[in-house]
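Descriptive structure summary
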Amino acid sequence: MKAFRPLPNTSPYTNLMQIIELANEHLRVNLIEYGARVVAIHLRGKSVNQEHNTEESSNLVQGYQKLKDYLTDEASMGATVGPITNRISSSRITLDNKTYRLPNNKGENCLHSGGVGFDRRMWSLSQRGQDFATFSLPFDLSDIGLPGQLEACAKYFLSGSTLSVEYTISTSSLTYLNVTNHVYLNLSGENRSIDDHQFLLFADQVVLTDKDSIPTGKTIGVNNPLKYCLNSTRSFIDWLSENADSIYAGGIDHHFVAQAEGAKQWLKLAKVRSESSGIAVDIFSNAPGFQLYTANSLTGEFEPQSAFCIEAQSIPDAINHPEFKVELTPAGSSYSRSIAWNFSYTT
């Protein structure tokens with residue numbers, strides 16, 4: 001059995017943790033280098049937080065109060081996740097007719113690169129301005145059992161009331177990449193249930209999974225757009241449970257297909273609004289789909305289902321399912337993915 005390189009000791013990072021603030025008239029955003037993470041988003045405006053008589057919202061990101069707590073985070077809170085996001089069945093993939101074993105951290109399966117990926121690394125701040133910041137990271141793929149080297153770049157920037165991130169990754173070897181951002185949002189600005197959040201999902205299919213959240217290779221059609229709320233009289237969960245054997249968590253942790261793999265059109269993936277705060281977010285990406293996760297497994301200082309993630313990405317574990325199309329990144333070429341969150345407020 002292959003012995004994977006252990007995750008570097010993060011204790012020396014404690015003194016390196018710093019807030020990188022981006023700001024314009026509409027947004028104030030805090031980032032950190034560890035995991036190239038989003039740790040705070042505040043929507044600005046005279047009417048946005050009348051309850052507290054301030055001209056910006058409470059923090060819309062569910063995250064830790066102390067920066068050092070991100071060093072022991074196992075929920076990828078606010079993080080750049082890769083090189084391979086989501087689940088890989090049996091922790092194995094095949095490239096060029098050779099099978100490679102990834103580190104397993106969910107039973108026999110691999111989740112988010114086995115807990116030793118982009119979200120557990122100290123990125124370098126390479127460029128910074130008032131409304132943008134660029135992070136870079138060299139990554140040895142042997143750390144997750146694959147051949148080659150990566151050079152990863154994450155550029156965050158503000159434009160009006162939109163926060164965007166552009167990921168660009170070059171590789172020295174043929175490889176399989178699936179990168180996303182794992183920011184947890186609660187648009188009420190509070191550590192409370194998201195049962196007041198209304199979801200509108202722009203997708204044509206949902207990927208069916210087994211009890212371990214591993215895709216079965218099958219999809220089922222859904223209404224586009226699909227309306228969802230945790231406390232709906234007839235929720236999406238009820239509907240899914242009648243049509244597939246893939247419900248296990250009491251919430252959603254499923255992948256939705258918005259377009260064909262490789263199409264790379266710039267699409268709206270979702271719109272979410274908190275009825276209590278009036279704050280909404282429209283999420284856009286050139287990814288083929290997204291994972292909607294209603295934070296069913298949060299523990300400790302966070303209540304389960306007190307946030308949501310919409311993770312723009314390709315179908316998880318697609319490389320192990322001939323039913324799904326897969327795009328590999330050839331040696332000497334680059335992979336890219338862009339995601340944008342547009343925030344608004346209505347009474």
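Quick note: structure is the one above.
Below or above, wherever it landed, is the structure these notes cover. Every value quoted in this text rests on a predicted model; they were computed, and no experiment measured them.

**A closer look at the environment of Arg101**
Mapped onto the secondary structure, Arg101 falls in strand β8 (residues 98–101). The spatial distance from the C-alpha of Arg101 to the C-alpha of Ser91 is 5.7 Å, given a sequence separation of 10 residues.

**Observations regarding the environment of Thr299**
For Thr299, the position within the fold is in the loop between β22 (289–293) and β23 (309–313). By relative accessible area, which is 61% here, Thr299 ends up exposed. Along the sequence, Thr299 and Ala75 sit 224 residues apart, while their C-alpha atoms lie 9.4 Å from each other.

**A short note on the packing of aromatic side chains**
Under the counting rule described, the total for this entry stands at 10 aromatic pairs. The ring of Phe157 has Lys155 lying over it, and the distance from NZ or CZ to the ring centre is 5.8 Å.

**Digging into the sheet that holds strand β15 (residues 197–201)**
With antiparallel pairing, 9 strands are arranged side by side in an open sheet as β10-β11-β12-β13-β24-β21-β20-β15-β18. Two strands lie at the open edges of the sheet, namely β10 (124–129) and β18 (226–228), each paired on one side alone. Taken over all neighbouring pairs, the strand axes of this sheet differ in orientation by 15° on average, direction set aside. Across 6 bridges, the pairing between strand β20 (residues 267–274) and strand β21 (residues 279–285) is antiparallel. Its bridge partner being in β21, Lys271 is matched across the sheet by Asp282.

**A few points about the nonpolar core**
The biggest cluster of nonpolar side chains holds 80 residues, and the ones touching the most others in it are Tyr156 and Trp341. Examining the composition of this core, we find that 5 residues originate from one element, strand β12 (residues 149–159), more than from any other.

**With respect to the pairing of strand β16 (residues 205–209)**
Along any regular strand, the residues point their side chains to alternate faces of the sheet. Counted residue by residue, β16 has 4 buried out of 5 residues, so it is predominantly covered. Hairpin connection of β16 to strand β17 (residues 215–221): 5 residues between the antiparallel strands, including Ser213 at a positive phi of 70°. The pairing of β16 with strand β19 (residues 253–257) spans 2 bridges and is antiparallel. Looking at the pairing, Gln205 lines up with Val257 of β19.

**Let's talk about the pattern of salt bridges**
All chains considered together, the criterion is met by 15 salt bridges. Taken together, the shared-partner salt bridges connect Glu21, Arg28, Arg44 and Glu56 into one network.

**A few points about the side chain of Thr85**
Looking at the element boundaries, Thr85 is found in the loop between β5 (79–81) and β6 (87–88). Only 3.3 Å separates the side chain of Thr85 from the side chain of His112, close enough to count as a polar contact. The contacts of Thr85, once residues within four sequence positions are left out, are His112, Asn178, Thr180 and Gln313.

**Some points on the sheet that holds β17**
The strand order β17-β16-β19-β22-β23 describes an open sheet built from 5 strands, whose pairing is antiparallel. Bordering the open sheet on either side are β17 and β23, each of which pairs with just one other strand. Adjacent strand axes in the sheet meet at a mean angle of 30°, parallel and antiparallel pairs treated alike. In terms of strand pairing, β22 meets β23 through 5 bridges, oriented antiparallel. Pairing of Gln291 across the sheet is with Glu311, part of β23.

Conventions and cut-offs
Residues numbered from 1 in each chain as written. Predicted model: local features only at pLDDT ≥ 70, side-chain atom pairs only at ≥ 80, totals over all residues. Heavy atoms only, no water. Helix = DSSP H or I, 4+ residues; strand = E, 2+ residues; numbered from the N terminus. Buried < 20%, exposed > 50% of the residue type's maximum accessible area, 1.4 Å probe, protein only. Phe/Tyr/Trp six-rings, centres within 6.5 Å; stacked < 30°, edge-to-face > 60°. Lys NZ or Arg CZ within 6 Å of the ring centre and 35° of its normal. Pairing = 2+ DSSP bridges. Axes fitted to C-alpha atoms, helices over the stretch in contact; angles between N-to-C directions. Core = buried A, V, L, I, M, F, W, Y, C linked by side-chain atoms within 4.5 Å. Salt bridge = Lys/Arg side-chain N within 4 Å of Asp/Glu carboxyl O. Polar contact = N/O pair within 3.5 Å; in protein donor to acceptor, adjacent residues only side chain to side chain. Contact = heavy atoms within 4.5 Å.

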